[in-house]
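Here is how the chains run, residue by residue.
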Amino acid sequence: MTSEPRFKQAAQRLFEAHQRREPFTPLPAELAPRTAEAAYAIQDAFVALRARERGAIAGYKIALSSAAMRRFVGVENPQAGILLESAFLRSPAEVRAADYQRLLLEFEIAVQMAEDLPAADAPFSRERVAQAVGALMPALELADDRHADYAQLAKHPFELIADNTWNEGVVLGYPVNEWHALDLAAARGCATINGRPVGEGVGGDAMGHPLDSVAWIANHLAAHRRGLLRSDIVITGSLITSKHARAGDLVRFSVEGLGEVELRVD
């Protein structure tokens, strides 16, 4: 499906729009995805273009993990994105605001896999996923909404998938291997910007449980005849509403039992 010429044309157009730092706008009608499957085919082609400079696939993200955000965008299901090798930074991290059109932060729990979940073994449950997970850590997703008009997203519900759900990076905290005794659904996350609280939530705010998000990703990949692999990182959805970050901001996000992640924006 990815090989269809219009999907590759759509991906090339997206790739060039990013290079030219153009605002996020819907694809032309003749290239726009009309189904989620078409959007994922465009995403694959777009990510392949980016991978030439940004490295191989090293993980996945889940977007629109809350029912409220799905209603806002006008879709029924969460959406998956791909993380490339160069996406990952370790806390404490620094980025330049000038490298993004409009930097958007999400506040998440990240999971590092310790064993493969091959497509042949699907479907996957939370319990099966728990057996395959190695470490957990707090994470800040770096996204770039490219000055998108959010009011228009519901009219083009699959464009976010095609554009790889806006991912531009992830800042990871210190991996915690002894997490099994934690009540992840109840674990509280708190975010501050320049020392001022900007939101809090619990692990269950994204898909009901962080490992349910991982199961969703694993089953999504299996439906496309792919597996979640050992050492892959999955960021499981934001516990707190997204925040725009500006030059001079110091962002901290802590999760009960998992420590803290820090980002400075220059």
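Structure's up top.
Because the structure is a prediction, the values reported are computed rather than measured.

Our focus in this paragraph is the packing of aromatic side chains. This model, assessed by the stated rule, comprises three aromatic pairs. Plain terms: the ring middles of F24 and W166 are 5.3 Å apart, the flat faces sit at 80° to each other, and that makes the pair edge-to-face. With F24 in the loop between α1 (5–19) and α2 (36–54) and W166 in the loop between α5 (159–162) and β7 (167–172), the pair connects residues that are 142 residues apart, well separated along the chain. Residue F24 is classed as buried on the basis of its relative accessible area of 10%. Note on W166: relative accessible area 6%, which makes it buried.

Next up on the list: empty space enclosed by the protein. For the coordinates displayed, the defined rule picks out one cavity of 30 Å³ or more. Roughly 80 Å³ of internal volume is contained in the largest cavity. What lines the largest cavity is simply Y40, Q43, D44, Y60, A80, G81, I82, H220, L221, H224 and R226. Listing elements by their share of the lining of the largest cavity, those giving two or more residues are α2, β2 (79–84) and α6 (210–223). Residue composition of the lining of the largest cavity, by class: five nonpolar, four polar and two charged.

So, about the environment of R126. Note that R126 resides in helix α4 (residues 126–132). We classify R126 as partly exposed; its relative accessible area is 32%. Taking the C-alpha atoms as reference, R126 lies 23 Å from L140; in sequence the two are 14 residues apart. With near-sequence residues (within four places) excluded, R126 lies in contact with H209, L211, D212 and A215. In this structure the side chain of R126 is engaged in a polar contact, spanning 2.9 Å, whose partner is the side chain of D212.

Moving on, we come to the sheet that holds strand β4 (residues 93–95). Spatially, β4-β13-β12-β8-β9 is the arrangement adopted by the five strands of the open sheet, whose pairing is mixed. The sheet is open, and its two borders are formed by β4 and β9 (196–202), each paired with just one other strand. Ignoring strand direction, the axes of neighbouring strands in this sheet form an average angle of 15°.

Summarising the element assignment, H220 is placed in helix α6. For H220, a relative accessible area of 15% translates into the label buried. When near neighbours in sequence (up to four residues on either side) are disregarded, H220 contacts Y40 and A80.

Moving on to the side chain of E108. For E108, the location among the structural elements is in strand β5 (residues 103–113). Buried and without a salt bridge, E108 has K61 as its closest oppositely charged side chain, separated by 5.8 Å. From its side chain, E108 meets the backbone nitrogen of G237 in a polar contact 2.7 Å long. Dropping the residues within four chain positions of it, E108 is found in contact with M137, P138, A139, E141, I235, T236, G237, S238 and F253.

Here the focus is the pairing of β2. Counting buried positions over the six residues of β2 gives six, a clear majority of the element. Burial along β2 is two-sided: Q79, G81 and L83 facing one way and A80, I82 and L84 facing the other are all buried.

Each value, and the rule that gives it
Residues numbered from 1 in each chain as written. Predicted model: local features only at pLDDT ≥ 70, side-chain atom pairs only at ≥ 80, totals over all residues. Heavy atoms only, no water. Phe/Tyr/Trp six-rings, centres within 6.5 Å; stacked < 30°, edge-to-face > 60°. Helix = DSSP H or I, 4+ residues; strand = E, 2+ residues; numbered from the N terminus. Buried < 20%, exposed > 50% of the residue type's maximum accessible area, 1.4 Å probe, protein only. 1 Å grid on protein atoms, 1.4 Å probe; cavity = no way out; pocket = protein on both sides within 12 Å on 5 of 7 lines; lining within 4 Å. Points joined across faces, edges and corners; volume = space filled by probe spheres on them. Nonpolar A, V, L, I, M, F, W, Y, C, P; charged D, E, K, R; others polar. Contact = heavy atoms within 4.5 Å. Polar contact = N/O pair within 3.5 Å; in protein donor to acceptor, adjacent residues only side chain to side chain. Pairing = 2+ DSSP bridges. Axes fitted to C-alpha atoms, helices over the stretch in contact; angles between N-to-C directions. Lys, Arg positive; Asp, Glu negative; His and termini not counted. Salt bridge = Lys/Arg side-chain N within 4 Å of Asp/Glu carboxyl O.

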